[in-house]
Amino acid sequence: MLQVISLLLENKPGALMRVTGLLSARGYNIESLTVARTTDPELSRMTIAVDVEPHLRKQVIKQMNKLINVLQANDLTEGPSVSRELVLMRVRAPMEARANILKEAEIFGARVIDSSVEGFALEATGDSEKLDEFIDVMRSYGDIDVTRSGIVGVSLEPRKLRLSSPVTTRVGQAAAEARN
Amino acid sequence: MSNLMSGAKILLECLMREDVDVIFGYPGGVTLPLYDAMYDNPIRHVLVRHEENAAFAAQGYARATGRVGVCCATSGPGATNLTTGLVDAMMDSIPIVAITGQVTTKLIGSDAFQEADTFGITRPCTKHNFMVKNLNDLPQVVHEAFYIAGSGRPGPVVVDIPKDVFQGQSHYTPVTSIHLPGYKVHTDGHAGQIRRAAHMMWEAKRPLVYAGGGIIHAEGSSDLRELVETLDAPAVCTVMGLGALPADHPNYISMPGMHGSYAANMALTESDLLIALGVRFDDRVTGRLAAFAPHAKVIHVDIDPAEIGKNRAADLPVVGDLRRVLPKLVKVLAELKPTEAAANHESRQNWKSRVNGWKQEHPYDRNTAGDVIRPQHLMAEIDRLSGGKAIVCSDVGQHQMWAAQLIRYNDPRLWINSGGLGSMGFGMPSAIGAQFARPDKLVFAIMGDGGFQMSIPELATIASYGLPVKMIVMNNGYLGMVRQWQELFYNNRLNAVTLDCFPQAEMLAGAYGIKGKTIDKPHQLATAIEEAVHEPGPFLLNVMVSPHENVYPMVPAGGAINEMVLGQPKPAPVAGD
């Protein structure tokens, strides 16, 4: 089973590279990675799915938590969590198949986001296994083009975010001493 | 308080506010504005002869003092040459800040002359790195860099600064506070865990203190000593922790590990409680991990939570700074002593005498007989003149192990070596840094003939600054450690290990205007080393030693540490790494 890691990190140049570098340095292949800004524009939330041997998973999380730009790294596979993935798909649909395709799409909860004489563009979300099936089914109707977003996940347990406080520099210390 | 200043001046202003007094560096095109600003700045710049050695010298400075060492290099090749020194500092947790020049911001990414992706290249070589594209960020970043380098588990930090940032003008306002919300420095240690640790220590029948570089970083030597004496337990110090407990201390055994002493390795193997303080259960200490300290519970105190359980599971982890944890541990230990010490007192005394028995049974080889100089004899002579007080900067290889085994270090920060990365060429430049940091100290640079030849350019630095470093080359005509492995594990098929050309030492030293000497007879050794030590300036002593000597004891790769080879003849070949 893949390890799914959720990270809260500073939205700074190189922050992504620090996280992925930690994995590549250990020879781990990243299966998927998503990252986007949070409501606080200075922070990003990242979800990584990666194949790590079970006994090394804690070590990977600890190493990530050591990165200066990482505020928090959690192993979502450790506790209750949900994860979803988005698929965008173009499916070629001749007239005779269109009704069936739409029916199948409905079963998977997919939405049509574009329709043309060549076919449909579909959008589906769900867990990765369900999306695998959806893709298999659609492939049976002919050529498809698929883009997957990679997993995004959220822990179902409240996690306390511990942040470090500001630190006074030597200049600040000297100024404070001068005031006293 | 603000006035218009160039970026270069602002940088120097920030460095002065971090109490930097010396920068080891090498200039270049994009750092011209910085070197121009240095022209009338009180910070001393030491011109080394290769950027790698600037990083090693900054490390020597940091290792000898505990303060953040600073090095500086230009863009492109200057920065890439620093990388070995950065990784080395990372492996041994040494606080250094490296300032690198970068091409002008608008040229970044254009394959400009002497452009390299320093930020990308040094990312895995550092604890953290920065590229400053906006002059207004510079003061903040510099203070963050020093804070990150020196706090928590120390390490190297790179600040990459484009030329136009050096040249830009800005109003400088001193930075009074920095905020790194994601940088967690673990300090105090859990009080309950500390108390439990103290209980475990009194409950143990065969406790062993296993102390490492963390004690040195935390300035924890006197607390360590108190702990050892309160519990009256034997102690080993790793190659990074030599001097954490004085070598002459009665409870001190020796260094453990691949070339550790018989007693240290047997004590680890037979102990029922390892008190692991600032160590990382490195493979060179543990040997085959599954067989390491098989009877022991483990108390593991470390500032880095990622070290806990990384290699060996801890029965009782304490995440914290030894600077804070050790005094508390000692206090609780002393508190519990009246009620808990008696129970296993006798067992602990028996344990101590068992350990002492091992020490006497198989001491290190110190035999000086014969008509060629044995390396062990050389180390014994250096030890005699050091008296446990000199700074010894070692290169990497056989001489490093003999210097670790046979020279006493009675204080922390005397033994300076590349422990984790094992970088050849470390000895001489680190001695330069150490001598600048501690002009009052006798500083030896002990090198093999291989490592010395990586460092020859720095003879110029030593000569031009008149540094009284005593350079001792243990010359066996081989890359000795590799030769030892080829001999023992590759059927003696010696390949690419013969150093059959070595410069004539007097002439080489003389070419730099310093004194040098070559000796090859045991009776010359004592006077030659005395001459080197008494020489007010630098001295290069080339000591021809018996070429086929091997370092023992030795734990073959993949072996358990109690399966030591105590000396020639050969063990059965095993797969090496």
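As shown above, the structure is provided for reference.
Parameters at a glance
- Residues numbered from 1 in each chain as written.
- Chains lettered and ligands numbered in written order.
- Predicted model: local features only at pLDDT ≥ 70, side-chain atom pairs only at ≥ 80, totals over all residues.
- Heavy atoms only, no water.
- Helix = DSSP H or I, 4+ residues; strand = E, 2+ residues; numbered from the N terminus.
- Contact = heavy atoms within 4.5 Å.
- Pairing = 2+ DSSP bridges.
- Axes fitted to C-alpha atoms, helices over the stretch in contact; angles between N-to-C directions.
- Buried area = accessible area lost by both parts, 1.4 Å probe.
- Salt bridge = Lys/Arg side-chain N within 4 Å of Asp/Glu carboxyl O.
- Polar contact = N/O pair within 3.5 Å; in protein donor to acceptor, adjacent residues only side chain to side chain.
- Nonpolar A, V, L, I, M, F, W, Y, C, P; charged D, E, K, R; others polar.

Participant: Outline the environment of Gly212(B), supporting the account with residue identities and numerical values.
Facilitator: Residue and element names in this part refer to chain B. By the secondary structure assignment, Gly212 is in the loop between β10 (207-211) and α9 (213-217). Measuring from C-alpha to C-alpha, the distance between Gly212 and Leu15 comes to 30 Å, with 197 residues separating the pair along the chain. In this view, Gly212 contacts Thr238, Met240, Gly241, Leu277, Gly278 and Val279; residues no more than four positions away in its chain are not counted.

Participant: Describe the sheet that holds strand β13 (residues 297-302) of chain B, and please don't skip the residues or the numbers.
Facilitator: Residues and elements named next belong to chain B. Strand order in the open sheet made by the five strands is β11-β10-β12-β13-β14, with parallel pairing throughout. Bordering the open sheet on either side are β11 (235-237) and β14 (316-319), each of which pairs with just one other strand. Within this sheet the neighbouring strands show an average axis-to-axis angle of 15 degrees, counted without direction. With three bridges connecting them, β10 and β11 associate as parallel partners.

Participant: Could you give me a rundown of the interface of chain A and chain B, with the residues and numbers involved?
Facilitator: In this complex, chain A contributes 28 residues to the contact, which on the side of chain B involves 29 residues. With both sides pooled, the region where chain A packs onto chain B buries about 2,400 Å², and carbon together with sulfur makes up 57% of that total. Counting the surface chain A buries against chain B, the share from its top three residues, Arg18(A), Ile68(A) and Val171(A), is 27%. Our enumeration of links across chain A and chain B arrives at three salt bridges. Where chain A packs against chain B, one counts 16 residue pairs in polar contact (both at pLDDT 80 or more). Elements that contribute at least two residues to the side of chain A that touches chain B include exactly α1 (15-25), α2 (57-66), β4 (70-75), β10 (167-168) and α5 (170-179) of chain A. In terms of residue count, the dominant contributor to the side of chain A that touches chain B is α2(A) (five residues). Each residue belonging to the side of chain A that touches chain B can be placed in one class, and the counts come to eleven nonpolar, eleven polar and six charged.

Participant: So what about the sheet that holds strand β16 (residues 415-416) of chain B? Which residues, and what values?
Facilitator: All names here are of chain B. Read across the sheet, six strands follow the order β16-β15-β17-β18-β20-β19 without closing on themselves; strand pairing throughout is parallel. Every other strand in the sheet has two partners, leaving β16 and β19 (515-519) as the edge strands with one partner each. Relative to strand β20 (residues 539-544), β19 runs parallel, the two being bridged by five bridges. Across the sheet, residue Gly516 finds its bridge partner in β20, namely Leu540. Of the strands in this sheet, β15 (391-394), β16, β17 (443-448) and β18 (470-475) touch helix α16 (residues 398-406), which is tilted by about 140 degrees from β17.

The analysis is restricted to geometry; functional conclusions fall outside its scope.
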